[in-house]
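If you want the building blocks of each chain, they are given just below.
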Amino acid sequence: MMTLEQLAIFIAVAEREHLTNGASAVGLTPSAVSASIKALERAYNVDLFDRVGRRIQLTRAGRLFLDKARRTLASVKEAEGLLSELGGLSTGHLDIEASQTIANYWLPTRLLRFRALWPGISVGFRDGNTASVVQAVISGRAELGFVEGTVDEPALAARPLHSDELVVVMSSRAGDVATDRLHELQWITREPGSGTGTEFEAALAAIGIDSTTLPVALTLPTNEAVLSAVRGSSCAAALSRLVVAPFVASGELHALDIALAPRQFTILRHKERRLSAAALEFERICKEP
């Protein structure tokens, strides 16, 4: 009989069309994930993926099944939320996903506060970039999502939570650079789909600068990788003040005097799904100062 774990594994691999990345998303080994998918295919005599060289691609049957699997897991999470409410928050589970800056620098203290108040509620917490968080909430993999900036997705309700500031930093060896000379610098940027990258492009546009004119030395997938590259080079990068504050305070990094518009940390939920009591309580905690 098909299990919920098999559904979750299939969804993780199908959304990424990559076995190792899917395995990482569900916290299992690639061999365990591969065995789970093969067992599912054998049990129902259907091919869900085509193996093309070292890559995998969804078959037509796999694409049809992905939609149903997402809706099934979303229904299960709604049922779990109802039981949580009936139990008065004494037991239950909450799945959330957040973009990296929020996940690493803003949410942890709020997660600890939630845990202290409601120790019987387990929390599934994953990080990603803005694009993956949006997809997680749409699919039902996460009940709540947290991203930087605004999201234009009709299926989701978005509410601002906290004001954040992007700061342009370089190694402390660098001096100030005027706004009209930013195109003379080499830049370290975040990957496509990153809220930090998207918001930096919008902030530049607001002061009349086309981000495509900036020379990019490297595009990296995490704030920490960007920090490491900037600290060891003469390149510039734009990161949240939450990320760079300790390095600016210690003198290791220098913040350029460039005024960028503030951005918002935003909480996402699906418009057509009822939030569980656990999700409502965590949302309340996140709204506190």
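Across the sheet, five strands lie side by side as 4-3-5-12-6; this open sheet has mixed pairing. Two strands close off the open sheet at either side, each with one partner strand: strand 4 (121-128) and strand 6 (156-164). Ignoring strand direction, the axes of neighbouring strands in this sheet form an average angle of 20°. Where strand 5 (residues 144-148) and strand 12 (residues 263-270) come together, four bridges link them in antiparallel fashion. Within strand 12, the residue paired with Val147 across the bridge is Thr266. In the packing of helix 7 (residues 130-139) onto the sheet, contacts are made with strand 3 (92-99), strand 4, strand 5, strand 6 and strand 12, and the angle to strand 5 comes to roughly 160°.

Taken as a whole, helix 10 (residues 241-250) has its buried residues at Val243, Val244 and Phe247. All buried residues of helix 10 lie within an arc of 55° about the axis, which places them on one face of the element. Seen from the open side of helix 10, the exposed residues pointing more than 90 degrees away from its buried face are Pro246 and Ala249. Of the surrounding elements, those touching the buried residues of helix 10 are helix 5 (100-105), strand 7 (166-171), helix 9 (223-231), strand 10 (237-240) and strand 11 (253-255). The residue sitting at the N-terminus of helix 10 and contributing the capping side-chain oxygen is Ser240; that oxygen lies 3.1 Å from the backbone nitrogen of Leu242. Directly after helix 10, the chain includes Gly251, whose backbone phi takes a positive value near 90°.

Take the sheet that holds strand 11 next. Read from one edge to the other, the open sheet built from three strands follows the order 10-7-11, with strand pairing classed as antiparallel. Looking at which strands have only one partner, the edges of the open sheet turn out to be strand 10 and strand 11. Adjacent strand axes in the sheet meet at a mean angle of 45° when their direction is disregarded. Here strand 7 runs beside strand 10; their pairing, made up of four bridges, is antiparallel. Each residue of the ladder has a partner; that of Leu166, found in strand 10, is Ser240.

Mapping Asn129 onto the fold places it in the loop between strand 4 and helix 7. Residue Asn129 is classed as buried on the basis of its relative accessible area, which comes to 15%. Of note is the side chain of Asn129, whose polar atom sits 3.1 Å from the side chain of Glu191. Among residues more than four places away in sequence, those in contact with Asn129 are Ser99, Arg190, Glu191, Pro192, Gly193 and Ser194.

It is worth spelling out the environment of Arg284 at this point. Among the secondary structure elements, Arg284 is positioned in helix 11 (residues 277-287). Taking the C-alpha atoms as reference, Arg284 lies 29 Å from Val167; in sequence the two are 117 residues apart. A polar atom in the side chain of Arg284 sits 2.6 Å from the side chain of Glu288.

The rules behind the values
Residues numbered from 1 in each chain as written. Predicted model: local features only at pLDDT ≥ 70, side-chain atom pairs only at ≥ 80, totals over all residues. Heavy atoms only, no water. Pairing = 2+ DSSP bridges. Helix = DSSP H or I, 4+ residues; strand = E, 2+ residues; numbered from the N terminus. Axes fitted to C-alpha atoms, helices over the stretch in contact; angles between N-to-C directions. Contact = heavy atoms within 4.5 Å. Buried < 20%, exposed > 50% of the residue type's maximum accessible area, 1.4 Å probe, protein only. Arc of directions from axis to C-beta. Polar contact = N/O pair within 3.5 Å; in protein donor to acceptor, adjacent residues only side chain to side chain.

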